[in-house]
Amino acid sequence: MIYDEYSKLTEVIVGRDFDFSPVYFDSTFKLFFKANLDHYDDLDLSKCFESQYTAEILANRNEDLDSLAKLLESYNIIVYRPEKCEKIHQIKTPTFSSIVRSSSNVRDLTFVYGNNIIETAPSLKGRFFENFYLRKIFQKKFNDGYNWFKCPDNYLDFEIDSTYYKDFHISYQVDESQFTILGDAANAMRIDGEIVMNIGNANNLQFSKWLSRVLNKKVHNVFITDNHIDGNIASIAPETLFVNDCMLKNPIEFYLPNFMKSYKIIKIPKNSKHEYNTNFTNIASSEGMSINVLSISPKDIIINKDDISTLGELLYKNGFNPIPIQLRYCRAFGGGIHCSTLDLNRS
């Protein structure tokens, strides 16, 4: 059972990437990461990434993910890994063609609440069958007594709201019923038993409604960023948030739902940036990677070793035990430690 982000972690999935470069990027990929891409209109992602995801870079990334898995096992946490993808699988639906991408950022497309595993509806064509490599893990948890749901398949033939997220906010007037259900699990977060979901467009509003009905529980909508909420907020202890509001128009308090207004807030410094891979075409923000941490207990937090002198010291001063680990190329792969893991059970 799992209702928060910080109780003692007992079971988790750690992602796995390709051993080869799957150069396939379409308009949905580009739109999803619009906020973080320079020269968006003229950018050819396939050309950018063809030389970026080399065998050496992929091997380094997988080496770091393997080390993360071993670290978690050293804390007596049961660790599952996705099946290894041996080749590129081409897919074709009635409305589009793509490939099956690796299960590297395993948190992105699966939300776990209570004993419910919920596969969500991605807005990227290349992620349509990404959870294929997780199916045996989910089957095991189903056999253990978990419920296993899947959001209705979207074939991306309904309208996708391409409103730039900075123009989409709580006063935005839209009839979301004309839009299909789209939203990543990483848009949502378990915070002290409640569910908080970032809304980036009208499709996400539909996703929030669907999730609320499936779980028969209120979902607190917030309007913070373009997509995933874990680049801005980490729930690290009861009524305690680790926060990145460096790129927001207002302080984070402005965006929080009422039940979180009195929370203790620990803010990362304005200059907390991963600069070690800036020659890459990065699809995630530098500040967002710093906040992408994983709590394994109410005191112990795994952070990127590049942040140990800044964020690690900040956490230590606030009574936490930061545990550093190397995870390279987070911005280029669009995921940090939190994104690369999926909690299945906390005690």
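In what follows, the structure referred to is the one given above.
Residues numbered from 1 in each chain as written. Predicted model: local features only at pLDDT ≥ 70, side-chain atom pairs only at ≥ 80, totals over all residues. Heavy atoms only, no water.

Novice: Honestly, the overall build of the protein in this entry has me stumped. Any pointers?
Specialist: For the protein, the count of helices and strands is 8 helices and 17 strands. Counting the 347 residues in the protein, one finds 60% classified as buried. For the protein, long-range pairs separated by at least 24 residues make up 74% of all intrachain contacts whose partners lie at least 6 apart in sequence. On the protein, roughly 14700 Å² of surface is accessible, and the fraction owed to carbon and sulfur atoms is 48%. (Helix = DSSP H or I, 4+ residues; strand = E, 2+ residues; numbered from the N terminus. Buried < 20%, exposed > 50% of the residue type's maximum accessible area, 1.4 Å probe, protein only. Contact = heavy atoms within 4.5 Å. Areas by Shrake-Rupley, 256 points an atom, 1.4 Å probe, with all protein chains shown as cover.)

Novice: Help me out: how do you make sense of empty space enclosed by the protein in this one?
Specialist: A complete count under the given rule lists 5 cavities of 30 Å³ or more for this structure. In this structure, the second largest cavity spans a volume of roughly 70 Å³. Lining the second largest cavity are Glu 5, Arg 107, Thr 110, Phe 111, Val 112, Ala 185, Ala 186, Ala 188, Met 189, Arg 190, His 338 and Leu 342. At the level of elements, strand 5 (110-113) and strand 8 (188-191) are the ones that each hand at least two residues to the lining of the second largest cavity. Split into classes, the residues belonging to the lining of the second largest cavity amount to 7 nonpolar, 2 polar and 3 charged. (1 Å grid on protein atoms, 1.4 Å probe; cavity = no way out; pocket = protein on both sides within 12 Å on 5 of 7 lines; lining within 4 Å. Points joined across faces, edges and corners; volume = space filled by probe spheres on them. Nonpolar A, V, L, I, M, F, W, Y, C, P; charged D, E, K, R; others polar.)

Novice: I'm lost on the nonpolar core in this one. Help?
Specialist: Judged by nonpolar contacts, the single largest core of 19 residues is most densely connected at Leu 72, Ile 296 and Ile 302. Looking at this core, the elements with two or more residues in it are strand 1 (9-14), helix 3 (55-74) and strand 16 (321-325). For this core, the leading source of residues is helix 3, giving 5 residues. For Ile 302, the residues in contact, after removing those within four places along its chain, are Leu 68, Leu 71, Leu 72, Val 293, Leu 294, Ile 296, Ile 323, Ile 325 and Ile 337. By size, the runner-up hydrophobic cluster in this structure holds 17 residues, among which are Cys 151, Ala 185, Leu 215 and Phe 223. (Core = buried A, V, L, I, M, F, W, Y, C linked by side-chain atoms within 4.5 Å.)

Novice: Teacher, can you tell me more about the sheet that holds strand 15 (residues 300-304) here?
Specialist: Whether parallel or antiparallel, the strands of a sheet pair through hydrogen bonds between backbone atoms. In space, the 3 strands of this open sheet follow the order 14-15-16, with mixed pairing throughout. Where the open sheet ends on each side, the last strands, each with one partner, are strand 14 (294-295) and strand 16. The pairing of strand 14 with strand 15 spans 2 bridges and is antiparallel. Of the residues in strand 15, the one forming a bridge with Ser 295 is Ile 301. (Pairing = 2+ DSSP bridges.)

Novice: How should I be thinking about helix 3 in this particular structure?
Specialist: In an α-helix, one turn spans 3.6 residues; hence positions three or four apart end up facing the same way. The first and last C-alpha atoms of helix 3 sit 29 Å apart over 20 residues, in line with the 28 Å expected at 1.5 Å per residue. Taken as a whole, helix 3 has its buried residues at Ile 57, Leu 58, Asn 60, Arg 61, Asn 62, Asp 64, Leu 65, Leu 68, Ala 69, Leu 71 and Leu 72. The first or second residue beyond helix 3 is Asn 76, which carries a positive phi of 60°. (Expected span 1.5 Å × (residues − 1).)

Novice: Just checking my understanding: could you explain the packing of aromatic side chains for this structure?
Specialist: For the coordinates displayed, the defined rule picks out 9 aromatic pairs. Between Tyr 3 and Tyr 113 the ring centres are 5.0 Å apart and the planes differ by 90°, which places this aromatic pair in the edge-to-face class. Of the two residues, Tyr 3 sits in the segment before strand 1 while Tyr 113 sits in strand 5, which places them 110 residues apart along the sequence. Centre to centre, the rings of Phe 132 and Tyr 133 are 5.4 Å apart; their planes meet at 80°, and the pair counts as edge-to-face. The class for Tyr 133 is buried, based on a relative accessible area of 4%. (Phe/Tyr/Trp six-rings, centres within 6.5 Å; stacked < 30°, edge-to-face > 60°.)

Novice: Looking at this structure, how should I read the pattern of salt bridges?
Specialist: The full count for this structure, using the stated rule, is 19 salt bridges. The residue Glu 11 makes a salt bridge to Lys 141 at a minimum N-O spacing of 3.0 Å. Highlighted residues: Glu 11 in strand 1 and Lys 141 in helix 4 (residues 135-143), separated in sequence by 130 residues. Look at Glu 11 and you get buried, because its relative accessible area is 9%. Among the residues examined, Lys 141 registers a relative accessible area of 3% and is labelled buried. Each of Glu 5, Arg 107, Arg 190, Asp 343 and Arg 346 takes part in salt bridges that share partners, so that together they form one network. (Salt bridge = Lys/Arg side-chain N within 4 Å of Asp/Glu carboxyl O.)

Novice: What is the right way to read the sheet that holds strand 12 (residues 240-243) from this model?
Specialist: Taken in spatial order, the 3 strands of this open sheet run 11-12-13, and their pairing is mixed. Both edges of this open sheet fall to strand 11 (233-237) and strand 13 (264-267), since each of them pairs with a single strand only. In this sheet, neighbouring strand axes are inclined to one another by 30° on average, regardless of whether the strands run parallel or antiparallel. In terms of strand pairing, strand 12 meets strand 13 through 4 bridges, oriented parallel. Across the sheet, Val 243 pairs through a bridge with Lys 267, a residue of strand 13. (Axes fitted to C-alpha atoms, helices over the stretch in contact; angles between N-to-C directions.)

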